[in-house]
Amino acid sequence: MVIATELCALSEYRIYPGNGKLFIRRDGKPVFLGSSKAYSLTIQRKKPAKLVWTQAWRRLHKKGLSETTTKKRTRKLNKVQRSVVGLSLEDIKKKAGMKPDVRTAQREAALKEVKARKAANKKSGKGGKGNNVGAGQRTKIPKNVVRNSRGGTQR
C-alpha cells in the first residue's frame, strides 16, 4: 500500500497524512509545512539553507553524501606527441634530444646562410632598375594613425 506524502517546503522532510499545515501564499501557491516550527520560520522568512537541521543546509554543506556516492576516480591522461605540419614525430624527438650548444650552432649557421643569400640577392638586383627603395618594404606609418584599407570616406 502506497501512502501519498508531501514534502515540507522548509525542511524537505516527508509529511504524512494528518500532519502539518497547508499554507496558501498570496500568489495562490500552496505551501506544505510539516510542523509548527517550520510554519513559524516560514512566516519569519528564514532561509532553509541557514538552518542546520534542514535538508537544504545539509545539501549545501555536503553532509550525508559519503555513504550514498563514492568519489569518482579520475583517469590520468597520457600525453601524446603529435607531428607538426612541417616536421615528423622523429624529427621533433631528435631536436628535443639535441644538446643546446649544437642547436645554437645550427641556428647561427642558418642565419649566416640567410644573410649570405640576401647579400647575393642585393648584388644581383642592383644592376637592373636603378634607385628603388626595398622591393618588399613599405613606408613607415605612425601607429596612432588609422589607415583606411578600402579607400573612400571614413564614417
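Each chain has its residues counted from 1, following the order in which its sequence is written. Given that the model is predicted, a residue must reach a pLDDT of at least 70 before its local features are reported, and side-chain atom pairs must reach 80 or more before they are shown or counted; all residues, however, enter totals for whole chains, interfaces and linings. Side-chain metrics rest on all non-hydrogen atoms present in the structure, leaving aside hydrogens and water.

What follows is about the nonpolar core. Nine residue types can take part in a nonpolar core, namely buried Ala, Val, Leu, Ile, Met, Phe, Trp, Tyr and Cys, and a core is a set of them joined through side-chain atoms within 4.5 Å. Buried means the residue's accessible area, taken with a 1.4 Å probe over protein chains only, is under 20% of the maximum for its type, while exposed means over 50%, and partly exposed covers the values in between. Counting residues in each nonpolar core, the largest one holds eight residues, listed as Cys8, Leu10, Ile15, Val31, Leu33, Ala38, Leu41 and Leu51. Only DSSP runs of H or I reaching four residues or more are called helices, and only runs of E reaching two or more are called strands; each is numbered from the N terminus. Those elements giving two or more residues to this core turn out to be strand E4 (30-33) and helix H1 (36-43). Setting aside residues up to four positions removed in sequence, Ala38 forms contacts with Cys8, Leu10 and Leu33. Here, two residues are considered to be in contact whenever any of their heavy atoms come within 4.5 Å of each other.

Next up on the list: the packing of aromatic side chains. We call Phe, Tyr and Trp rings a pair once their centres come within 6.5 Å, taking the six-membered ring for Trp, and we label the pair stacked below 30 degrees between planes, edge-to-face above 60, and tilted otherwise. Within the structure shown, the criterion is met by two aromatic pairs. Aromatic side chains Tyr13 and Trp53 sit 6.4 Å apart centroid to centroid with 45 degrees between the ring planes, which places their arrangement in the tilted category. Here Tyr13, found in the loop between strand E1 (6-7) and strand E2 (14-15), pairs with Trp53, found in the loop between H1 and helix H2 (55-60); they are 40 residues apart in sequence, far enough to count as distant. Residue classification places Tyr13 among the partly exposed residues on the basis of a relative accessible area of 39%. Note on Trp53: relative accessible area 26%, which makes it partly exposed. Here Lys21 stacks its cationic end above the ring of Tyr39, 4.4 Å away from the centre of that ring. Our definition puts a charge over a ring when NZ of Lys or CZ of Arg is within 6 Å of the ring centre and also within 35 degrees of the ring normal.

Looking now at the pairing of strand E3 (residues 21-24). Alignment of E3 against E4, held across four bridges, turns out to be antiparallel. Paired with Phe23 across the strands is Val31, a residue of E4. Should DSSP find at least two bridges between two strands, the strands are regarded as paired.

Here Glu12, not a glycine, exhibits a phi torsion of approximately 65 degrees, which is positive. Tracing the chain through its elements places Glu12 in the loop between E1 and E2. Note on Glu12: relative accessible area 31%, which makes it partly exposed. Within the chain, Lys62 stands out as a residue other than glycine whose phi angle is a positive 55 degrees. Structurally, the position occupied by Lys62 is in the loop between H2 and helix H3 (89-97).

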